[in-house]
Amino acid sequence: MLPIRLPSFVVAFVSTALALTCVAEQTADHAVQVTAQVQPNPAKIVLSWTPDSTNPASGYRISRRAPGAEGWGQETTLPGSATGYTDTSVQVGTPYEYQIRREVSAYTGFGYIRTGIEIPLVESRGKLILLVDGTKSAALARELSQLESDLAGDGWTVLRHDIAAGTTVPDVKAIIRTDYLADPQAVSAVFLFGHIPVPYSGLLYPDGHPEHQGAWPADVYYGDMEGVWTDTTVNFTQTANGEASDRVRLTNVPGDGKFDQTYTPGTVRLQVGRVDLANMPGRATPGGTGTFPSETEMLRNYLEKDHAFRHGLVTYTRRAIVGDYFGTIYGLAFASSGFRSFAPMFGPDAILQASGAKGTWLSTLRTSDFLWAYGCGGGSYTYADGLGSTWNYFGMTTELVAADPRAPFYLIFGSWFGDWDHEDDLMRAVLATPTHGLAAVWSGIPHWFCHPMAMGETFGYCARLTQNNRSAYGLLTNYPGAVHIALMGDPTLRMHVVAPPSAVSATVGAGGTTLAWSASPDSGVSGYHLYRGRDRRGPFTRVNESLVTELSFTDAHGTSGDIYQVRAVKLESTTSGSYFNSSQAAYVTYGPPSFTVQPSAGTASVGSRVTLTIEASGASTYQWYKDGLAIAGATNASLTLDPVTAGDAGAYSVVATNSLGSTTSTAAALTVVSTSQGRLTNLSVRGQVGTDDQTMIVGFTTDGAGTKTLLVRGTGPTLASFGVTGWLPDPQLELYQGTRSLQANGSWRDDPNAIQIVALGGTQLGAYTLTGSESAMLVSLNSAAYTVHLRDRTGSNGVGLLEVIDEDSGTPGTPAFNAQPRLVNLSVRAVAGSGSATLIAGFIINGSEAKQVMIRGIGQTLSHFSVSGLLANPKLRLFQGETQIEENDNWEDAPNRAQIVTAGGDRLGEFALAATDAVLLLSLQPGAYTVHLVGAGDSAGVGMIEVNER
């Protein structure tokens, strides 16, 4: 890997910034931060802007045009003291775009705003070409079907093509061009999902590094339907770059499949966006093991984030953050592109500047939500100086993903990572974040213009606007119109989300099909529009003439098989103007249900948990079948088998029914295999946690060759969701081997494997998401004995949950699986009380055979280890589910006392157990169990539970 190399011009920037910058000149001054207030009667648009912070303006020049027009209209000149402009020559329903130029002696500031008064609703957005990496389409069938429904539910008609391995860049362009030429007025966007072949073009190095000169990725090629792209004239071999794979990528010679053009040869007609998470292992150290989930799982996660954002399941405060670690140097003022775009979106007062100490930008995004973020600093492929807390080549990509910054849209800039088709590229890392990141662009060379999104345009529209800009918007930096300008993310995303209606139903009567629905939870909804189509990918046609203000509507012209959409509509008021905005569609089918997701089963092990899930449009009831026979009580859209038994093997199907008929799904075959060797897999302990001797300590031992992967979690606040009171406010985990501390964690987001934790479901406790103050570690350990300590970082007491979960995978029943290291001993020491403070340990036995285990409850014997405040008379109770299956108070009274002695259960190390300690020695079938440790008469004290293989 290359070491960090700042661009030559950035090195100069750093050393001469103060000398070249006007006195107290601010980056924001290079942007005219303009907002608009509008009124319909009489029609009026009032523009307002902030003056230069320190340098007096000599004047302002205002011009207007229709969005997309070739040139600006006649200029109006205003004095340098002006802070606003009122335009009364406007009409309701007509969009306008304004340019404001601020003249200062040292530079010219530019501001742009798209505005209008009650701009009409955009119902049909045209046709979108969805190109899917064919190697991922089967694994992501459900999520891709959901995406297609979401796209159609936002007004797109989806033209999908799955791209096979080995397809070339020209082949992909031919697919796009064929669709475009078939309907050039309607086809307007391309969504590249997965590792679609990457075009390369040009001889450029916009970041100023000669060793970065050559051909760069050029997705704009897929959006240019008219320009001529050649591969005959550029003859350049990159030799200065220290990385062999980079030298190959950057080299551009005739006939190599990389194009000659550095600037787009034609007008870009299509909005293009890419979600590509190939070659993103997440290496924390040079040559180290990857820490990110697989490409497929990251793509799956992206689609789930995309869906959640569109449907308002995650919301963001309408504000922006700017982290500027370049300043105004040489007048390039990279971050001004953030201020210029964000002011029309939110107003200057809603832009937070986080450009102080290193890491302020990322640490703020980690704890506070923003709709947009801008960040810039000198960098590498995986790094931007100042934005994060690390300074090394492998620093910020993994740091960014682990931090899970709370913003969906990003403008970022720094050396190298604008060339995004590189391992662990920082710009693509935004898409790999667990919860929020949806789109990112390289905004600085040149600047991007995203202000139209404040009035409902898509990010892809702004990408095309920026790619086509030669002179319409101020030429603030070099390389306008160059081939490297690209959008990483879904190009159809818009920034204002209206929550959709829900629970749509369709009933047939004499007057036609009556649709009914539950209201959108969004405030200010004006009404609803209803649409009818025959394909969930679109197109759809509106069936109501005017907004429906009730929660039902009857369509007299429906036919069986019609699919209906219901969308909420509201008048969106922003700091740019007002426009009518629509929610995503809620769907229902007129006719028998249709399956959009079929059941899928596969292979499961005895004792495991399996859930089969389907999605059926228009279904009102469900009935599951196994081998053609109805399963009693299985009447939901999902079927859970827990625990799986050998008798569960078979073919599962479901019949979905509504008032118009029934539809049967395809059958999903479930194969059940034996793990043969029973083993302990999970330990969870809930109890009172304090400090010193009252710290909760869990011990465990792994046995076998190789390493064991375990998820360790410490939970407190989330327990409130389960009715637990007095929970631990800020749990912290510490992992030890003997007396040697191996790792500590106070927030799961800080763990270097945070994204894998998310992918494994480690941030979920049932249906609830862990808070940022709760802890988790994903560790790989050699065979040895370990302890984990759980306490509160603030020294508080409370009820905590500590879990040690086996995360190793494989095919149960195979020799390789059985040879994996396993957990053999589990123990916990903590305060045992009564009620919610009862010390409870849960464990799971996996496999198909019974497992003999010894469970001990120890109190007074711990005095030999200098532990004070001990439980006087411990009692064990063993449960499976809610049923108590065994208990013991004094081990000497156990009916199998002799076997306990033979197994060594009467001693703790070299000390004999007290007669009041409790022991259970028994054979348990695979399944989940819990052990309660209580004191006689509900007394409290420090006690220990042990679960050991025998």
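What counts, and at which threshold
- Residues numbered from 1 in each chain as written.
- Predicted model: local features only at pLDDT ≥ 70, side-chain atom pairs only at ≥ 80, totals over all residues.
- Heavy atoms only, no water.
- Helix = DSSP H or I, 4+ residues; strand = E, 2+ residues; numbered from the N terminus.
- Rg over C-alpha atoms; globule rule 2.2 N^0.38 Å.
- Buried < 20%, exposed > 50% of the residue type's maximum accessible area, 1.4 Å probe, protein only.
- Contact = heavy atoms within 4.5 Å.
- Areas by Shrake-Rupley, 256 points an atom, 1.4 Å probe, with all protein chains shown as cover.
- Lys, Arg positive; Asp, Glu negative; His and termini not counted.
- Charge placed at Lys NZ, Arg CZ, Asp CG, Glu CD.
- Pairing = 2+ DSSP bridges.
- Axes fitted to C-alpha atoms, helices over the stretch in contact; angles between N-to-C directions.
- Right-handed = clockwise from strand over helix to strand, strands pointing away.
- Parallel < 35°, antiparallel > 145°, perpendicular 65-115°, else oblique.
- Nonpolar A, V, L, I, M, F, W, Y, C, P; charged D, E, K, R; others polar.
- Salt bridge = Lys/Arg side-chain N within 4 Å of Asp/Glu carboxyl O.
- pLDDT = per-residue confidence, 0-100.
- Left-handed = near helix turned anticlockwise from the far one by under 90°.
- 1 Å grid on protein atoms, 1.4 Å probe; cavity = no way out; pocket = protein on both sides within 12 Å on 5 of 7 lines; lining within 4 Å.
- Points joined across faces, edges and corners; volume = space filled by probe spheres on them.
- Polar contact = N/O pair within 3.5 Å; in protein donor to acceptor, adjacent residues only side chain to side chain.
- Phe/Tyr/Trp six-rings, centres within 6.5 Å; stacked < 30°, edge-to-face > 60°.

Undergrad: Any chance you could explain the overall build of the chain here in plain terms?
TA: Regarding its fold elements, the chain presents 13 helices and 59 strands. Against the 2.2 N^0.38 benchmark of 30 Å for 950 residues, the chain shows a C-alpha radius of gyration of 31 Å, consistent with a compact globule. Here the chain, with 950 residues, has 58% of them falling under the buried criterion. Contacts in the chain between residues at least 24 apart in sequence constitute 76% of all its contacts with a sequence separation of at least 6. With an accessible surface of roughly 34000 Å², the chain has 50% of that area assigned to carbon and sulfur atoms. Both charge centroids of the chain, one from 60 positive and one from 84 negative side chains, sit 2 Å from each other.

Undergrad: Whenever I open this one, the sheet that holds strand β1 (residues 34-40) confuses me. Can you help?
TA: Strand pairs in the sheet, formed through backbone hydrogen bonds, run parallel or antiparallel to each other. Pairing is antiparallel across the open sheet formed by 3 strands, whose spatial order is β1-β2-β5. In this open sheet, the two edge strands, each paired with only one partner strand, are β1 and β5 (84-87). Neighbour-to-neighbour, the strand axes of this sheet turn through a mean angle of 15°, independent of strand direction.

Undergrad: Sorry if this is basic, but what is going on with the pairing of strand β9 (residues 156-163) here?
TA: Both faces of the sheet carry side chains from a regular strand, because those side chains alternate between them. Across 8 bridges, the pairing between strand β8 (residues 126-133) and β9 is parallel. Its bridge partner being in β9, Gly126 is matched across the sheet by Trp156. As for the winding sense of the linkage, the β-α-β connection from β8 through helix α2 (residues 141-152) to β9 is right-handed.

Undergrad: Help me understand the packing of helix α7 (residues 360-367) against helix α8 (residues 396-403), please; the structure alone is not making it clear to me.
TA: Packed helix pairs are characterised by how far apart their axes lie and by the angle those axes make with each other. It is the contact of α7 with α8, at a shortest axis distance of 10 Å, that shows an interaxial angle of 25°. The angle between α7 and α8 places the two elements in the roughly parallel class. On α8, the residues that touch Trp361, Leu362 and Arg366 of α7 are Met396, Glu399, Leu400 and Ala403. Along the lines of polarity and charge, the residues of the contact of α7 with α8 split into 5 nonpolar, no polar and 2 charged.

Undergrad: How should I be thinking about the pattern of salt bridges in this particular structure?
TA: Between side chains of opposite charge, pairing is possible as soon as their charged atoms come close. Tallied over the full model, the rule gives 44 salt bridges. The shortest N-O distance in the salt bridge between Arg101 and Glu103 comes to 3.8 Å. Residue Glu103 is classed as buried on the basis of its relative accessible area of 18%. Beyond isolated ion pairs, a larger network of salt bridges with shared partners links Arg142, Glu143, Glu297, Arg300, Glu304 and Glu615.

Undergrad: Is there a simple way to think about the sheet that holds strand β26 (residues 552-555) in this case?
TA: Taken in spatial order, the 3 strands line up as β22-β23-β26 in an open sheet, and their pairing is antiparallel. Taken across any chain shown, the strands that pair with only one partner, and hence form the sheet edges, are β22 (502-509) and β26. For this sheet, the mean inter-axis angle between neighbouring strands, taken without regard to orientation, is 20°. With 6 bridges connecting them, β22 and strand β23 (residues 512-518) associate as antiparallel partners. When the sheet's bridge partners are listed, Ala506 is paired in β23 with Leu515.

Undergrad: What exactly am I supposed to notice about the confidence of the model for the chain here?
TA: When pLDDT is low, close inspection of the predicted coordinates is not appropriate. Chain-level statistics for the chain give a pLDDT mean of 88 and a share of 94% at 70 or above. Below a pLDDT of 50 lies the segment residues 1-24, which in the model reaches 53 contacts outside its immediate sequence neighbourhood of four places, other chains included. Across residues 811-815 the pLDDT falls below 50, and counting only partners more than four positions away or on other chains, this stretch makes 9 contacts in the model.

Undergrad: So what exactly am I meant to see when it comes to the pairing of strand β44 (residues 740-745) here?
TA: Relative to β44, strand β43 (residues 731-737) is paired through 5 bridges, and the arrangement is antiparallel. Note that in β44 the partner of Gln737 across the bridge is Arg740.

Undergrad: In this structure, what is going on with the packing of α2 against helix α5 (residues 295-310)? I would like to understand it.
TA: In the contact formed by α2 and α5, the axes pass within 10 Å of each other and the chain directions differ by 30°. On the basis of the axis angle, α2 is roughly parallel to α5. Read as a crossing pair, α2 and α5 show a hand that is left-handed. Touching Arg142, Glu143, Leu144, Gln146, Leu147, Asp150 and Leu151 of α2 are Arg300, Leu303, Glu304, Asp306, His307 and Arg310, all from α5. Classifying every residue of the contact of α2 with α5 gives 4 nonpolar, 2 polar and 7 charged.

Undergrad: I keep staring at unusual backbone geometry and nothing clicks. Help me out?
TA: With glycine set apart, most residues show a phi of negative sign, and most peptide bonds adopt trans. Residue Pro42 follows Asn41 across a cis peptide bond; omega there is -5°. With respect to the helices and strands, Pro42 occurs in the loop between β1 and β2 (43-49). A cis amide bond links Gly538 with the next residue in sequence, Pro539, at an omega value of 5°. Locating Pro539 in the fold gives a position in the loop between β24 (525-533) and β25 (541-542). Of note in the backbone geometry, Asn279 takes a positive phi value of approximately 55° without being a glycine. Here Asn279 lies in the loop between β13 (271-275) and α5. The residue Ala333 is not glycine, and still its phi comes out positive at about 45°. With respect to the helices, strands and loops of the structure, Ala333 is situated in the loop between β14 (320-324) and α6 (336-346).

Undergrad: Explain empty space enclosed by the protein here, please?
TA: One water molecule sets the probe size; rolling that probe over the atoms shows where empty space is left. By the definition in use, this model includes 5 cavities of 30 Å³ or more. Its boundaries defined by the atoms lining it, the largest cavity holds a volume of some 110 Å³. Taken together, Asp154, Phe309, Arg310, Thr492, Leu493, Arg494, His496, Val497, Val498, Ser582, Ser583 and Gln584 make up the full set of residues lining the largest cavity.

Undergrad: Please explain the environment of Ile176 as it appears in this structure.
TA: Turning to its location among the elements, Ile176 is positioned in helix α3 (residues 169-182). When its relative accessible area of 0% is taken as the criterion, Ile176 is described as buried. Sequence-wise, Ile176 and Leu270 are 94 residues apart; in three dimensions their C-alpha atoms are separated by 9.8 Å. Here Ile176 is in contact with Ile129, Leu131, Val190, Tyr222, Met225 and Leu270, once residues within four sequence places are set aside.

Undergrad: What's the story with the side chain of Lys258 in this structure? I'm lost.
TA: Relative to the helices and strands, Lys258 is located in the loop between α4 (244-250) and β13. It is Asp256 that comes nearest to the buried, bridge-free Lys258 among opposite-charge side chains, at 4.7 Å. A polar contact of 2.7 Å, which involves the side chain of Lys258, links it to the backbone oxygen of Val248. If near-sequence neighbours (up to four positions away) are discounted, Lys258 is found in contact with Tyr200, Ala215, Thr230, Asp231, Val248, Arg249, Leu250, Thr251 and Asn252.

Undergrad: Is there a simple way to think about the packing of aromatic side chains in this case?
TA: In this description, a pair of aromatic rings is defined by centroid distance and the angle of the planes. One pass over the structure, following the stated rule, counts 32 aromatic pairs. Aromatic side chains Trp372 and Phe409 sit 5.1 Å apart centroid to centroid with 35° between the ring planes, which places their arrangement in the tilted category. With Trp372 in strand β16 (residues 372-376) and Phe409 in strand β19 (residues 409-413), this pair connects stretches of sequence that are 37 residues apart. Overall, Trp372 belongs to the buried group, its relative accessible area being 0%. Assessed through its relative accessible area of 0%, Phe409 is described here as buried. Judged by centre distance (5.2 Å) and plane angle (50°), the ring pair of Trp372 and Phe459 falls under tilted. You can see Trp372 sitting in strand β16 and its partner Phe459 sitting in helix α10 (residues 459-468), a full 87 residues away along the chain. Neither residue differs from the other here; Trp372 and Phe459 are each classed as buried. Connected via pairs of aromatic rings, a cluster forms that spans Phe309, Tyr316, Phe342, Trp372, Phe409, Trp448 and Phe459.

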